[in-house]
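# Structure assessment
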Amino acid sequence: MNIVFVGGWAGSEEQYQELAETARFLVPFTCFDPTELPALIGDGGDVLVGWSTGAHMLLKDCHHLFKLYGKVILIAPFLSFTDSFPIRLIQGMIAGMQSDPAAVVQSFHENCGEPEPPSYEPEAHNALVAGLEYLVTSKIESAAEMNLSNCLLVHGAKDRIVRRKAFEKLSSAIKGADILKVQGGHKISESELMSIIKG
């Protein structure tokens, strides 16, 4: 099975190790610039998965490419990150990246519900700050024009990052997509993710 996975802010292959062994694993900001994503996924495949910021980027810039995949799974997508997080909180994270970046990343992963959070990598600092700055301003304006018949939108009931109101704002705007509610937090378990991919 040909799988492409586009992760979230401060993401790492450590988060989904089984998936990373077989999928093409793309991490925004640290591995690619948002403008590069359409070219990176343009070859198509069996399954395209986006998680959090990755799901947002795919919807914003790559929805015209979804037809190249048999199935598209978007976990914790959002129209704008500020629908969940006030700008002042994101700006607080940006400021914290200058004083104690490891603590900012650790706190974020804890709020994701990570049982074993990936560690902060100092060489990724500038890319992570750029990612937070992107999340302050990035918005999907054209959701009502999308018809995503091969798309599954997934949201965890205990998600503390992309809250229910932000998910529902997106899911109510998009036509044609199926919706799956799961019991997890922002980061759903790898076993559940693999079950969704194979289902």
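Quick summary incoming for the structure in this document. (Residues numbered from 1 in each chain as written. Predicted model: local features only at pLDDT ≥ 70, side-chain atom pairs only at ≥ 80, totals over all residues. Heavy atoms only, no water.)

## Overview of the pairing of strand β4 (residues 69-75)
Filter applied, for reference: With a 1.4 Å probe rolled over the protein chains alone, any residue whose accessible area is under 20% of its type maximum counts as buried; one over 50% counts as exposed, and the rest are partly exposed. In this text, helices come from DSSP runs of H or I with a minimum length of four residues, and strands from runs of E with a minimum of two, each type numbered from the N-terminal end. Paired strands, as defined in this entry, are two strands with at least two bridges between them according to DSSP.
Across the seven residues that make up β4, a large majority, five, are buried. The sheet contact formed by strand β3 (residues 45-51) and β4 spans six bridges and is parallel. For L48, the partnering residue across the bridge sits in β4 and is V72. Of the pairings in the sheet, the one linking β4 to strand β5 (residues 151-156) comprises four bridges and is parallel in character. Paired with I75 across the two strands is V154, which belongs to β5.

## Overview of the packing of helix α4 (residues 87-99) against helix α5 (residues 101-112)
Rules: The convention used is that axes are lines fitted to C-alpha atoms, helices contributing only their stretch in contact, and that angles between N-to-C directions extend from 0 to 180 degrees. Roughly parallel means an angle under 35 degrees; roughly antiparallel, over 145; roughly perpendicular, 65 to 115; everything else is oblique. Contact definition: two residues touch when any of their heavy atoms are within 4.5 Å. Here the nonpolar group is Ala, Val, Leu, Ile, Met, Phe, Trp, Tyr, Cys and Pro; Asp, Glu, Lys and Arg are the charged ones; every other residue, Gly included, is treated as polar.
Taken N-terminus to C-terminus, the directions of α4 and α5 make an angle of 135°; their axes are 6 Å apart at the nearest point. Between α4 and α5, the angle falls in the class oblique. Side by side, α4 and α5 meet where M93, G96, M97 and S99 of the first sit next to P101, V104, V105 and F108 of the second. When grouped by side-chain class, the residues that make up the contact of α4 with α5 number six nonpolar, two polar and no charged.

## Considering the pattern of salt bridges
Defined as follows: We define a salt bridge as a side-chain nitrogen of Lys or Arg found within 4 Å of a carboxyl oxygen belonging to Asp or Glu.
In the structure shown here, the tally under the stated rule is two salt bridges. For the salt bridge of K169 with D83, the shortest nitrogen-to-oxygen distance reads 3.3 Å. Of this pair, K169 sits in helix α7 (residues 164-173) while D83 sits in the loop between β4 and α4; the two residues are 86 residues apart in sequence, bridging distant segments of the chain. Taking relative accessible area as the criterion, D83 reaches 17% and is therefore assigned buried. Among the ionic pairs, R164 bridges to E168, the shortest N-O distance being 3.4 Å. Here R164 and its partner E168 are both found in helix α7, four residues apart, which amounts to about one turn of the helix. Classification of R164 by relative accessible area gives exposed; the value is 54%.

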